[in-house]
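# An overview of the molecular structure
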Amino acid sequence: MAYILLVLTTLFWSGNFVLARAMHLDLPPITMAFTRWSLALLIISPWLLPRIWKSRGVIKANLAKLIFFGVVGVAGFNTQVYLGLQDTTATNAVLMQSMVPIVILLIGAIFLGERGSPRRWIGVALSFSGVAVLVSQGQLSVITEMQFNQGDLWIIGAILVWAVYSVGLRWKPKGLDGFTFFGVTVVIAVIVLAPLSVWEQQSSPPIQWSGSVIATVLYMAIFPSILAYIFWNKGVEELGAAVAGLFIHLMPVFGLLLSVLFLGEALYSFHLWGVVLIFAGIYLAVIADTLKRMKLLN
């Protein structure tokens, strides 16, 4: 069951990318993030509010940290993803998202002095080469003439933000359980996104709340937000973080399939080359070391 839950988690996250791209003309990106997290917060409130009251002392003492996590990890990451999907394809976005483990390693090495093996750094170089292939669409002129797709740049920003958030989790307040921490960061994200959503709507066409728009918001609030969180925690509890982390690499597979099937996005040779380079790098830098540690532990 734990394996199934982890597979479903990555499927839900991939579906979030594809739906955001599908509805990018119907729902402005900041408002998309705001409505998603507002509805998620409304759904979890009956369980969250008593926990917040019980942990109010810990929350007050760690408010600065919680604001950082809420702004960066919830509001910042998702909003940048939705901004990026205004201009780039879901295929590109989900493939580049697979770079997160590599960027986490890089941040740890630069700012925390965490050394890596030569094999790991070869993996980092390969993965970045894969992203360069995706962003340039396999054309050197795109890089030399700096003619990047703005959406791709937003996705790269989202990757950096999520990596910073992930590294920062080692300083998560210890007095808060996982659900309360998640809920408080969602509250902060909603507060931050509310005025930005109002500002965005002043310069955007009125939202037409069709059935498809409502269904999109419901999916985003329930599946990649709440259920993915619950399923992920259960998977980590049953199998351990090292094994669970490997399932993240299913996102590009699901993302590609969903993008081609439901959005009709074309698959080009530069996508395949990008995937090969990124996954070769991920194997060298992350998966091989993880499997080795697991073997030693067993």
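Located above this text is the structure these notes cover.
Now for a look at the structure at hand. Note that this is a predicted model, so its numbers are computed, not measured. (Residues numbered from 1 in each chain as written. Predicted model: local features only at pLDDT ≥ 70, side-chain atom pairs only at ≥ 80, totals over all residues. Heavy atoms only, no water.)

Bringing the overall build of the protein chain into the picture now. Per the secondary structure count, the protein chain includes 14 helices and zero strands. For the protein chain, the succession of helices and strands along the chain, N to C, is α-α-α-α-α-α-α-α-α-α-α-α-α-α. Here the protein chain holds 298 residues, and 48% of them are scored as buried. Partitioning the contacts of the protein chain with sequence separation of at least 6, the portion at a separation of at least 24 is 90%. When the accessible surface of the protein chain is totalled, it reaches about 14700 Å², and 70% of it is carbon and sulfur. (Helix = DSSP H or I, 4+ residues; strand = E, 2+ residues; numbered from the N terminus. Buried < 20%, exposed > 50% of the residue type's maximum accessible area, 1.4 Å probe, protein only. Contact = heavy atoms within 4.5 Å. Areas by Shrake-Rupley, 256 points an atom, 1.4 Å probe, with all protein chains shown as cover.)

Per the counting criterion, the structure on display carries two salt bridges. Here Arg51 makes a salt bridge to Asp177, at a shortest N to O gap of 3.1 Å. Of this pair, Arg51 sits in helix H2 (residues 29-54) while Asp177 sits in the loop between helix H9 (150-168) and helix H10 (178-202); the two residues are 126 residues apart in sequence, bridging distant segments of the chain. What makes Arg51 partly exposed here is its relative accessible area of 36%. What makes Asp177 partly exposed here is its relative accessible area of 32%. A salt bridge links Glu238 to Lys234; the nearest nitrogen and oxygen atoms lie 3.2 Å apart. Here Glu238 pairs with Lys234, and both are found in helix H11 (residues 211-239), just four residues apart, close to one helical turn. (Salt bridge = Lys/Arg side-chain N within 4 Å of Asp/Glu carboxyl O.)

Next up on the list: the side chain of Thr9. By the element assignment, Thr9 lies in helix H1 (residues 2-22). Overall, Thr9 belongs to the buried group, its relative accessible area being 0%. In this structure, Thr9 is in contact with Ala228, Phe231 and Trp232, ignoring residues within four places of it in sequence.

With that settled, the discussion passes to a nonpolar patch on the surface. Side chains of Ile110, Phe111, Leu112 and Trp171 sit close together on the surface and give an oily, nonpolar patch of about 470 Å² of accessible area. If you trace the backbone, Ile110 turns up in helix H6 (residues 100-112). Accessibility expressed as a relative area gives 58% for Ile110, which makes it exposed. (Patch = residues over 30% accessible without salt bridge, like charges linked within 9 Å, V, L, I, M, F, W, Y side chains within 5 Å.)

This next bit is on the side chain of Arg21. Within the element layout of this structure, Arg21 appears in helix H1. Of the buried charged residues, Arg21 lacks a salt bridge, with Glu265 as the closest side chain of opposite charge at 4.3 Å. Arg21 has contacts with Leu85, Gln86, Asp87, Thr88, Thr89, Ala90, Leu263 and Glu265, leaving out every residue within four places of it along the chain. (Lys, Arg positive; Asp, Glu negative; His and termini not counted.)

Let's shift gears to the packing of aromatic side chains. The full count for this structure, using the stated rule, is twelve aromatic pairs. Taken together, the aromatic side chains of Phe68, Phe69, Phe77, Trp162, Tyr165 and Phe181 make up a single cluster linked through ring pairs. Above the face of the Trp53 ring, Arg56 is positioned so that its terminal group lies 3.9 Å from the ring centre. The ring of Trp171 has Arg170 sitting right over it, with the charged end atom 5.8 Å from the ring centre. (Phe/Tyr/Trp six-rings, centres within 6.5 Å; stacked < 30°, edge-to-face > 60°. Lys NZ or Arg CZ within 6 Å of the ring centre and 35° of its normal.)

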